[in-house]
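A look at the structure
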Amino acid sequence: IIDVSGLRRLGIDEIALRKGHKDFVVVFTDLDQHRLIGMAPARTHAAIKPVLEMWGTEVLSKIEEVSIDLSGNYRGLVRRMMPTADIVADRFHVMKVVNQELNQARNAFKRDPADLPDEVSVDEARDALKNSKYALLKPKDNLTETQVSKLAEVKAVSPKLAQMHRHKEAFRDLFEQTNSDDAILKLLDWMDTAKSLYPKSVATIGRWFGEIIQYFENRTTSGVVEGINNRLKLIKRSGYGFRNFERFRLRCLICWHL
């Protein structure tokens, strides 16, 4: 039996049990103790609820924060079973939404270059977009020299992608704000100026606004969860994949609790 009596900050995420399949398992992490504390065999409420109920209402009532992604599947269940906990949308998953829309625009432009500068041909535009994914999506400060050059090429052939990249970097900078009130105002400004370029992202951020701004209160992220997930993937590979969830669960829990 795993002692969760001291659990105050919970992370919920998922990983695939087998590569190429849709059999995801849900991972529960103690964000303060940096340890795996439970797993559920599926992402459904019916699969997750028994794990939480096993901890008992006393433990659930003491949980102060729950960090989740933007899937929407966990939010309602957390609200019902941990009504006093603040739900925090993980900043890395929020950033992923913006990056996905930027990459979709990149792919669309690559297929059908439009609104080109007068001096740029379609072939030149397509050449500039080759191998440009990470130059556009990586944080600007982390780019290699080759990626910096590639980013300059993309900006030269596509004013829209140049604008989207600038807004993406501004969005990333939001999470470095130290004053929560300033951060919230800047987020609202970003949503207003970016809505024509990032309509899907702005809509998603609007639906999750309350959970997103919770990040600025306590700076909780699921970085710990991602680290544990990486270790779980190593366990999965070392076992050459697991078909049986219960065996996988026990193998994983042993690594943190034996």
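Residues numbered from 1 in each chain as written. Predicted model: local features only at pLDDT ≥ 70, side-chain atom pairs only at ≥ 80, totals over all residues. Heavy atoms only, no water.

1. Structural notes on the overall build of the protein chain
- Along the backbone of the protein chain there are 14 helices and 5 strands.
- Principal axes of the C-alpha set define a box for the protein chain whose edges measure 70 × 45 × 30 Å.
- Expressed as a percentage of contacts within the protein chain between residues at least 6 apart in sequence, the contacts between residues at least 24 apart total 59%.
- With the model as given, the accessible surface of the protein chain reaches about 13,700 Å², and the carbon-plus-sulfur share is 50%. (Helix = DSSP H or I, 4+ residues; strand = E, 2+ residues; numbered from the N terminus. Contact = heavy atoms within 4.5 Å. Areas by Shrake-Rupley, 256 points an atom, 1.4 Å probe, with all protein chains shown as cover.)

2. Quick word on the packing of aromatic side chains
- The tally for this structure, following the rule as stated, stands at 7 aromatic pairs.
- Summarising the aromatic geometry, the rings of Tyr-215 and Phe-216 are spaced 5.4 Å apart at their centres and angled 75 degrees between planes, so their arrangement reads as edge-to-face. Side by side, Tyr-215 and Phe-216 carry an identical accessibility label, which is buried.
- An aromatic cluster is defined as three or more aromatic residues linked by ring pairs; in this entry it consists of Phe-171, Phe-175, Trp-190, Tyr-198, Tyr-215 and Phe-216. (Phe/Tyr/Trp six-rings, centres within 6.5 Å; stacked < 30°, edge-to-face > 60°. Buried < 20%, exposed > 50% of the residue type's maximum accessible area, 1.4 Å probe, protein only.)

3. A short note on the pairing of strand S2 (residues 24-30)
- The buried fraction of S2 amounts to 6 of the 7 residues, a majority that puts the element mostly inside the structure.
- Pairing between strand S1 (residues 9-16) and S2: 7 bridges, direction antiparallel. Residue pairing in the sheet places Ile-15 in a bridge with Val-25 of S2.
- Relative to strand S3 (residues 35-40), S2 runs antiparallel, the two sharing 5 bridges. Paired with Val-27 across the two strands is Met-39, which belongs to S3.
- Where S2 folds back on S3, the antiparallel hairpin that results is connected by 4 residues, among which His-34 adopts a positive phi of roughly 55 degrees. (Pairing = 2+ DSSP bridges.)

4. Here we look at the packing of helix H5 (residues 122-129) against helix H7 (residues 145-157)
- As a packed pair, H5 and H7 sit with axes 8 Å apart at the nearest point and diverge in direction by 150 degrees. Between H5 and H7 the crossing geometry is left-handed. Listed contacts from H7 to Glu-124, Ala-125, Asp-127, Ala-128 and Leu-129 of H5 are Lys-150, Glu-153, Val-154 and Val-157. (Axes fitted to C-alpha atoms, helices over the stretch in contact; angles between N-to-C directions. Left-handed = near helix turned anticlockwise from the far one by under 90°.)

5. Things to note about the sheet that holds S2
- Taken in spatial order, the 5 strands line up as S3-S2-S1-S4-S5 in an open sheet, and their pairing is mixed. The open sheet is flanked by S3 and strand S5 (86-89), the only strands paired with a single partner. Within the sheet, the average angular offset between the axes of one strand and its neighbour, ignoring direction, is 25 degrees.
- The strands touched by helix H14 (residues 245-257) are S1, S2 and S3; relative to S3, the strand with the most contacts, the crossing angle is about 170 degrees.

These figures capture arrangement, not role.
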